[in-house]
Structure formats: C-alpha cells, structure tokens
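# Breakdown of the fold
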Amino acid sequence: MAITGVLLFGFLVGHMAGNLLAFRGQEAMNAYAQFLKTSPALLWPARVGLLALFLLHVATAIRLTRQNKAARPERYAHEQTVQASFASLTMIYSGLIVAAFLVFHLLHFTFGAIQRDHYLLHDAQGRHDVYTMLVLGFRHPVVSLSYAVAVLLLGLHLSHGLQSLFQSLGIRHPRLTSCISIGAPVIAALLTVGFLSVPLSVLLGFIQLPR
C-alpha cells in the first residue's frame, strides 16, 4: 500500500507540473503533449505501469479495510475516536470517490469520449490542441466543480497517506514525527492548490483561448 502510494504520488507531482504548463500558453502545453504522443516507448509503459499501480493500490485498500472490519465484527458500544483524524477515518471513501472521478477524467481528456468535438481540435501546426481542449473543458462549471471536489478529496487522502507511509515502511523516527505531521499536510495542500489553480484560472479568465 505504501510503496504503490509513493509511486502514485510521484506521478501526481509530474502530472501537476504538466498541467501548470497551461499558464505558459498553447505552444508550451501542446509541445509537451506532442512529445508524449510521439514517444510511445515512454508513454505506453508508463500508462500500463500506472494502471497496475493504481489497481494494486485500490485492491490493497479494500483488502485492508475488510481485514480491519473482520478483526472486530461487532461495533463498539461507545465509539470515541481520540487520535484518528477525519482524513484517516475516510481514507477508503475518499480514495474510491477519486477513483471514480479518474474514470471520468480519462474518458474526458485522454480518450475523448466526453466533449468529443473538443478532443478532435488541432492547432495551427496540426498537433492535438490539448490547451484549447483543456480551456473549453474547464469553462463548463460542472466539469470544473467535479474536478475541484475530486482534487480536494485527493488532498485529504494524501494528507493522511503521506504521514502513514513512513510508519508503514518502517522509517518513521520520533525525531521526525513533528516534521512529518506538519510536512505531509503542507505538501498535500500545495499539490491541491496546484491542481485547482488551472480550472480556477480558466473560470476567472486568466487562462484564455488562443487568439
């Protein structure tokens, strides 16, 4: 669970960096997308690997949740959670909601099954116009709202996941406890802000269609 989480977190950082190219305009984003598209030896192994990591992460989460419930089939008479945070108590739910959104996200931006006319756009150089597709997509309030909800839940998921992975991997030291407890939510918040900045900037008009 921890190992797949670390690798998926690394992907999220890279994905956010790619998204932020929207602030540099159509040329930068489309050039980046074209590079990925013309590098199948890099793109497809990464896609297959990410899919395997994601499925393993979800399957492990469900298995651990079932094991925890099986360990105590009867509910506590008086349930008082003292140390567990809201993020830790909702990990399985936030993870499954994010997973459901990921399917929608892939159908929208990767496979073009949603808003197909946007997906078929090309720029002046004949490249897939990812920049315009992104702007048109996030101009739709429902798309931006669903994206925002999923990203906020992802941030909540990461705030606990980044803390617990150190303990899961056996590398948590008492001297590092305070740094981990503060650093993990901060990193999760920065990632959340990074992802949210693009749809918010589109809605506010800071990121606009190319002229």
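Data block above holds the structure.
The following paragraphs examine the structure supplied in this document. (Residues numbered from 1 in each chain as written. Predicted model: local features only at pLDDT ≥ 70, side-chain atom pairs only at ≥ 80, totals over all residues. Heavy atoms only, no water.)

### Concerning the overall build of the protein
Helices and strands together make up the secondary structure of the protein, namely nine helices and zero strands. Along the protein, from the amino end to the carboxyl end, the secondary structure elements read α-α-α-α-α-α-α-α-α. Viewed in the frame of its principal axes, the protein has a C-alpha envelope of about 65 × 35 × 35 Å. Counting across all 211 residues of the protein, residues that qualify as buried make up 33%. The contacts of the protein with a sequence gap of at least 6 include a subset with a gap of at least 24, amounting to 74%. For the protein, the accessible surface area stands at approximately 13,200 Å², while carbon and sulfur atoms represent 68% of it. Separation of charge centres in the protein, based on 14 positive and 6 negative side chains, amounts to 8 Å. (Helix = DSSP H or I, 4+ residues; strand = E, 2+ residues; numbered from the N terminus. Buried < 20%, exposed > 50% of the residue type's maximum accessible area, 1.4 Å probe, protein only. Contact = heavy atoms within 4.5 Å. Areas by Shrake-Rupley, 256 points an atom, 1.4 Å probe, with all protein chains shown as cover. Lys, Arg positive; Asp, Glu negative; His and termini not counted. Charge placed at Lys NZ, Arg CZ, Asp CG, Glu CD.)

### Topic: helix α3 (residues 40-71)
The end-to-end C-alpha separation of α3 is 46 Å, in line with the 46 Å expected for 32 residues at 1.5 Å each. Where the residues of α3 are buried, they touch α1 (2-19), α2 (26-37), α5 (91-110) and α8 (141-168). (Expected span 1.5 Å × (residues − 1).)

### Comments concerning the pattern of salt bridges
Across all of its chains, the model carries two salt bridges by this definition. The shortest N-O distance in the salt bridge between Arg127 and Glu27 comes to 2.7 Å. Of this pair, Arg127 sits in the loop between α6 (116-119) and α7 (130-138) while Glu27 sits in helix α2; the two residues are 100 residues apart in sequence, bridging distant segments of the chain. Residue classification places Arg127 among the buried residues on the basis of a relative accessible area of 10%. (Salt bridge = Lys/Arg side-chain N within 4 Å of Asp/Glu carboxyl O.)

Keep in mind these values describe shape, not function.
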